[in-house]
Amino acid sequence: FFFSSRRRHTRLQGDWSSDVCSSDLAVEVVPAQQPTVSPAAPTEAPAITKPSTPLVREDTGHDWIWPAEGELTGQFSEQAGNNGIDIAGLDGSPVRASADGKVVYAGTGLRGYGLLLIIKHDDTYLSAYAHNRAVMVKEGDDVKKGQVIAEMGQSGADSVRLHFEIRRDGQPVDPMRFLPQKD
């Protein structure tokens, strides 16, 4: 998809790896259903499993946290075109902001992401939370690290999961390099 601060007539489409200008953000949602907020009583999800290959952690000044609990079922791979990680969980499980920021997108206008939230953390970093069942925040809201921002779901996916991405200057980076290591 494409971002621009000049107008709200921006078309959202395709891969957003080269079109995002993280210092120049505003987003128009292609007409789609409004995100819904629905209370749910999620049950416990399994703990996230450790990645098989140790990574060097990067310090961004944001002290990132895991956005959800569950099993890590998909890893970042530039070669395979997977721009983030997938965390399997239970329908309605809480999705939390990984770092402080501002919601710059909430909607279903991007094919393949289902109900998606994008948070701008600073002029460099964005995080994306896809396949939600419901969102608890709206565009323009300031969010705090750990705040519940959505409920895990399977919108645009074949199973309940959270697809989580971190973008640096609009380019996808491996979230495992920013998230704390799990035991």
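What you see is a predicted model; the values in this text were computed from it and never measured.

Caption draft 1: Highlighting the pairing of strand 6 (residues 125-135). Burial of strand 6 is extensive: 10 of the 11 residues sit out of reach of the surface. Joining the antiparallel neighbours strand 5 (residues 115-120) and strand 6 is a turn of four residues. Sheet topology places strand 6 next to strand 9 (residues 161-168); six bridges connect them, and they run antiparallel. Across the sheet, the residue bridging to Tyr129 is Phe164, located in strand 9. Sheet analysis places strand 6 next to strand 8 (residues 148-152), joined by three bridges and oriented antiparallel. Its bridge partner being in strand 8, Ala134 is matched across the sheet by Glu151.

Caption draft 2: The pattern of salt bridges, seen in detail. Enumeration according to the criterion identifies eight salt bridges in this entry. The partner of Arg133 in a salt bridge is Asp91, with the nearest N and O atoms 3.1 Å apart. Taken together, the residues span a long stretch of sequence, with Arg133 in strand 6 and Asp91 in the loop between strand 2 (85-88) and strand 3 (94-96) at a distance of 42 residues. With a relative accessible area of 28%, Arg133 lands in the partly exposed category. Between Glu165 and Arg167 there is a salt bridge, with the nearest N and O atoms lying 2.8 Å from each other. Summarising the burial analysis for this pair, Glu165 and Arg167 share the class buried.

What counts, and at which threshold
- Residues numbered from 1 in each chain as written.
- Predicted model: local features only at pLDDT ≥ 70, side-chain atom pairs only at ≥ 80, totals over all residues.
- Heavy atoms only, no water.
- Buried < 20%, exposed > 50% of the residue type's maximum accessible area, 1.4 Å probe, protein only.
- Helix = DSSP H or I, 4+ residues; strand = E, 2+ residues; numbered from the N terminus.
- Pairing = 2+ DSSP bridges.
- Salt bridge = Lys/Arg side-chain N within 4 Å of Asp/Glu carboxyl O.

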